Amino acid sequence: MSQATTVKSMRQPTLETLGLGGILDIFRRGALPADAAALVDRVFGPRGERGSLVISGASGIVGAGKAMQLGARLAPHGVRVVALDFPGAPDGIGRQYPGLVEALGRDGAARVMSNIVRLTYDGKTLPEELKALRPRFLLEAVPEILEVKLAHYAVFRAAFPGIEIRSVTSGFPASRLGVGIAHPAFPHEINKMWEVVEDKPSDVTQLLWALGMIPLPVADNWSFVLDVLFCGVTHAGLRHHRRTNMPFWKADKLVRKLVGANPFRAHDVIGAKGANFLTWSCLHHLAKEYGAVFEPTPELTERKETGQPWYPLDHFRPLVDWTLSPAEQEEFRVAILGPLFQMTSLMLHEKRGHLSHLNSIGETCAQFRHGILAMLREVGAEKAKQTVAAYHATHPEAAKQAWYPEAFDHMDTPEWQQLYVNAEHDGTVGVVTLSRESYGWDVDRELNRALDWLKAAGIRRVILTHDFHLATQLVGADTADFFPALSSAAAGFEVSSAWTRTARRLWSDFDASVGFIGGKRCLGGMYELLMHCHHVVAVDDVRIGFPEVGLPVVPGMEGCHWPLRRAATEHWPKVMHALLSGTAVRGKDCVGWFVDAAAPMDEALRTTWALASGTASGPARRPLAAGPLVGLPTSVSGLAAADDPLVETGRAAILDCVTRTCAVSAADAVDLQSRISADFLASKPARDGRVGAEFYRVMGA
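1. Some remarks on the domain arrangement of the chain
Reasoning step 1: Under the domain assignment, the chain is made up of domain 1 (36-217), domain 2 (225-414) and domain 3 (420-699).
Reasoning step 2: Each of domain 1 and domain 2 was reduced to a C-alpha centroid, and the two centroids are 31 Å apart.
Reasoning step 3: Each side of the interface is counted separately: domain 1 has twelve residues, and domain 2 has 14 residues.
Reasoning step 4: Carbon and sulfur atoms make up 64% of the area that domain 1 and domain 2 hide from each other, which totals about 1200 Å².
Reasoning step 5: When the buried surface of domain 1 facing domain 2 is broken down by residue, F186, M193 and E195 rank first, second and third, together holding 37% of it.
Reasoning step 6: There are zero salt bridges connecting domain 1 and domain 2.
Reasoning step 7: There are three residue pairs in polar contact (both at pLDDT 80 or more) connecting domain 1 and domain 2.
Reasoning step 8: Counting residues per element, the ones that place at least two in the side of domain 1 that touches domain 2 are β8 (193-197) and β9 (214-217).
Reasoning step 9: Here the residues of the side of domain 1 that touches domain 2 are counted per class, giving seven nonpolar, three polar and two charged.

2. Remarks on the nonpolar core
As a rule of thumb, soluble globular proteins bury nonpolar side chains together.
Reasoning step 1: Membership of the largest hydrophobic core comes to 228 residues, with the highest contact counts inside it found for L53, F294, F408, V432, L529 and F594.
Reasoning step 2: With ten residues, the top contributor of residues to this core is helix α14 (residues 326-349).
Reasoning step 3: Residues contacting L53, with those up to four places away along its chain left out, are F44, L70, L74, V79, R80, V81, V82, F137 and L139.

3. Description of the pattern of salt bridges
Reasoning step 1: Taken as a whole, this structure holds 36 salt bridges when the rule is applied.
Reasoning step 2: Put simply, E144 and K149 hold a salt bridge, and the shortest N to O gap is 2.9 Å. The two residues E144 and K149 agree in class, both being buried.
Reasoning step 3: For R242, the salt bridge goes to E299, with nearest N and O atoms at 2.7 Å. Taken together, the residues R242 in helix α8 (residues 225-244) and E299 in helix α12 (residues 298-306) connect sequence positions 57 residues apart.
Reasoning step 4: Taking relative accessible area as the criterion, R242 reaches 48% and is therefore assigned partly exposed.
Reasoning step 5: On the basis of relative accessibility, which here comes to 13%, the residue E299 falls in the buried class.
Reasoning step 6: Each member of the salt-bridge network shares a partner with another, and the members are D452, K455, R505 and D509.

4. Details of the environment of R106
Reasoning step 1: Topologically, R106 is positioned in helix α4 (residues 92-114).
Reasoning step 2: Assessed through its relative accessible area of 57%, R106 is described here as exposed.
Reasoning step 3: Among residues more than four places away in sequence, those in contact with R106 are Y97 and V101.

5. Description of the side chain of N221
Reasoning step 1: By the element assignment, N221 lies in the loop between β9 and α8.
Reasoning step 2: Apart from the residues within four sequence positions on either side, N221 is in contact with G171, P173, Y290, E350 and R352.

6. Observations regarding the packing of helix α3 (residues 61-74) against α4
Reasoning step 1: Two elements in contact, α3 and α4, have axes separated by 9 Å at closest approach and are oriented at 5°. When the axis of α3 is compared with that of α4, the two are roughly parallel. Contacts from I61, A64, G65, A67, M68, G71 and A72 in α3 reach G92, I93, Q96, L100, L104, V112 and M113 in α4.
Reasoning step 2: The class makeup of the residues in the contact of α3 with α4 is ten nonpolar, four polar and no charged.

7. A look at the sheet that holds strand β19 (residues 585-586)
Reasoning step 1: Reading across from one edge, β16-β18-β19 is the order of the three strands in this open sheet, with mixed pairing throughout. Edge positions in the open sheet fall to β16 (521-523) and β19, since each of these has one partner strand only.
Reasoning step 2: With two bridges connecting them, strand β18 (residues 543-545) and β19 associate as antiparallel partners. Residue pairing across strands places I544 opposite V585, the latter belonging to β19.

8. Digging into the sheet that holds strand β5 (residues 135-140)
Reasoning step 1: Within the open sheet, the eight strands sit side by side as β4-β3-β2-β5-β6-β7-β8-β9. Their pairing is mixed. Each edge of the open sheet is held by one strand with a lone partner, namely β4 (116-120) and β9. Across this sheet, the average inter-strand angle for adjacent strands is 25°, counted without regard to direction.
Reasoning step 2: Alignment of β8 against β9, held across four bridges, turns out to be parallel. The partner of V196 across the bridge, within β9, is P217.
Reasoning step 3: Relative to the sheet, α3 contacts β2 (52-56), β3 (81-85), β4, β5, β7 (180-184) and β8, its axis offset from that of β2 by approximately 165°.

9. Things to note about the packing of aromatic side chains
Reasoning step 1: Enumeration according to the criterion identifies 24 aromatic pairs in this entry.
Reasoning step 2: Arranged with centres 5.6 Å apart and planes meeting at 70°, the rings of W441 and W499 form a pair that is edge-to-face. You can see W441 sitting in helix α19 (residues 441-456) and its partner W499 sitting in helix α20 (residues 489-508), a full 58 residues away along the chain.
Reasoning step 3: On the accessibility criterion, W441 (18% relative accessible area) is buried.
Reasoning step 4: With a relative accessible area of 2%, W499 lands in the buried category.
Reasoning step 5: By way of ring pairs, the aromatic residues Y439, W441, F482 and W499 are connected into one cluster.
Reasoning step 6: Directly above the ring of W280 sits K304, whose terminal nitrogen or CZ lies 4.0 Å from the centroid.

10. Considerations on the state of the cysteines
Note: disulfide means a covalent bond formed between the sulfur atoms of two cysteine side chains.
Reasoning step 1: Counting across every chain of the model gives zero disulfides.
Reasoning step 2: There is no disulfide at C282, and the cysteine sulfur nearest it, in C231, is 3.7 Å away.
Reasoning step 3: The exposure class assigned to C282 is buried, which follows from its relative accessible area of 5%.
Reasoning step 4: There is no disulfide at C662, and the cysteine sulfur nearest it, in C560, is 8.2 Å away.

11. Structural notes on helix α7 (residues 203-210)
Reasoning step 1: Taking burial as the measure, the eight residues of α7 include six buried ones, the bulk of the element.
Reasoning step 2: Within the span of α7, buried status applies to V204, T205, Q206, L207, L208 and W209.
Reasoning step 3: Buried residues along α7 sit against α2 (36-44), α3, β5, β6 (164-167), β8 and β9.
Reasoning step 4: Downstream of α7 by a residue or two, G212 has a phi angle that is positive, lying close to 95°.

12. Focus on the pairing of strand β15 (residues 512-517)
Reasoning step 1: Burial of β15 is extensive: six of the six residues sit out of reach of the surface.
Reasoning step 2: Neither face of β15 is exposed, since A512, V514 and F516 on one face and S513, G515 and I517 on the opposite face are all buried.
Reasoning step 3: Relative to β15, strand β13 (residues 461-466) runs parallel, the two sharing five bridges. Its bridge partner lying in β15, T465 is registered against F516.
Reasoning step 4: Here β15 pairs with strand β17 (residues 535-539) via four bridges, running parallel. Within β17, the residue paired with V514 across the bridge is H535.

The rules we used
Residues numbered from 1 in each chain as written. Predicted model: local features only at pLDDT ≥ 70, side-chain atom pairs only at ≥ 80, totals over all residues. Heavy atoms only, no water. Domains from an automatic or database assignment. Contact = heavy atoms within 4.5 Å. Buried area = accessible area lost by both parts, 1.4 Å probe. Salt bridge = Lys/Arg side-chain N within 4 Å of Asp/Glu carboxyl O. Polar contact = N/O pair within 3.5 Å; in protein donor to acceptor, adjacent residues only side chain to side chain. Helix = DSSP H or I, 4+ residues; strand = E, 2+ residues; numbered from the N terminus. Nonpolar A, V, L, I, M, F, W, Y, C, P; charged D, E, K, R; others polar. Core = buried A, V, L, I, M, F, W, Y, C linked by side-chain atoms within 4.5 Å. Buried < 20%, exposed > 50% of the residue type's maximum accessible area, 1.4 Å probe, protein only. Axes fitted to C-alpha atoms, helices over the stretch in contact; angles between N-to-C directions. Parallel < 35°, antiparallel > 145°, perpendicular 65-115°, else oblique. Pairing = 2+ DSSP bridges. Phe/Tyr/Trp six-rings, centres within 6.5 Å; stacked < 30°, edge-to-face > 60°. Lys NZ or Arg CZ within 6 Å of the ring centre and 35° of its normal. Disulfide = S-S within 2.5 Å.

As structure tokens, then:
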């Protein structure tokens, strides 16, 4: 098949915004679209002439976090990291070291640290030693004062003409800074998302992607998507406090229940003094540009000066909590969602980025339970407008500026409807991509629409994969969607049976379906989804497993019988051990029972394409034993004793599900496993476990 064959897609693949093309082309090419080693050469120069990365303000929270994160990724390529700051600055890098040891081990952490050179300067003259390190790229993380930043760039450009510069600024647009922006999400040493502002995709941005980061191109506006959402929800809580005198801890608790975030607690965790200033600065500049919807409250203005935390150590939360009346709950909903919806209308009007990017930033970085566009889509355009109108009744000044209700009038388009799942095809082979790391109702509905779209186009051969961009791993089911099932077996049955029937479409609706596992891990419900493909191909080192026993829950998408029906009898003990231990196994160690083939990335991509396209031979399709299974092992050797009674309870429940669902036909097992899974979710052990604990933490009144 010609590589020039036209590819159609439901909506633009997000990877395309980085100048890296679509996902189908990756499989047709049999290689990733960018190579880290080649991009390191372009950004930092070839080996022997390799330049360095300079991080200025490296002792601060952002600079230190990125020194660790980038240092670990660039050390194997021989790129030195220069950590530059004022003498006497707090040792932010030292504070990050224990986390580096935990992630890489003591030897690995030592290798990273030995590649970091710490230098100090007076803010006006660069240290002489810097010349020998040949700076090629400056990541600026100095204080949020425009004049200071501009002077800083001038010093570096005078000393090192042509140096690449990116700012991690929390608010200033690139047009004011005169440099590109790479704005990282918090926590800076863990979160891999960067909001990127540049004229076109650059080698720097593509290098971030090739190093395993998640760069997201956004428009050049005041502040950033994450800051608008996170500072916006904080501001909404502050305004409600000012109107009703609701304590900050109570507002925080109710915000968490409504959208998932803890804005006030997060400020204290980050460090109230710095976080309060950054939130105030963001809102202050936004208010000057867009009006009263962003105007900082006096409480925030005061605390950006004092650095006072929002949660005093002696607050009376445990003693004085109370439940809101229905009218008060609605008042609170309007107070929080009204300004958030208005702020989102502004970002949509300004076309700040790909809609999947805008949605993912709030979900992944601001810790919203669902992305802001998914929330709006669930509410619907008319109710969203009514919510903003009700908010304006309490804050009339906000209605005068930055409100674009027409931005919600296109929710029926693929860009809105396919926030988490996309599909492409070339007329013969389709690819479905998942851009959310956990499976939930939104993903389920979007996946069904994607499969319908491919079938309507006559596509009979399909690949299911992560999207090589927003989802770097597939971690399982979204346990927040289990919350109703903790008190209702009917709700649990609905989840299990509906998601299972979606997964079964991969087996029944196509002539050839291939699941590709190429991220760091594929666990639980996400693996249960992909295992329904006719073939599963993995990269060698990806981790695959069933963590349900530790929650405990019973796998609800056929994990208790489908892998056994497709594995040879000699592999049954391995499948049983994985189910009952919760231990993940590497792709190359589970060929023949969890996956059909495992290989390094490029070979795995080529194998996937060969199987999906039928253009070359590959491993034979493992059959599905449709009838009852006979001879299942009654005990599992090598299973360590559980150190938690709940794990033992989970093991017993999973073993019971295995026994019962394997004793019937594959057709009859769908409803049976759904009932067993649902009954366990509604039981006391599940409520006492991690899902129940999360429910009470998030949804407790």
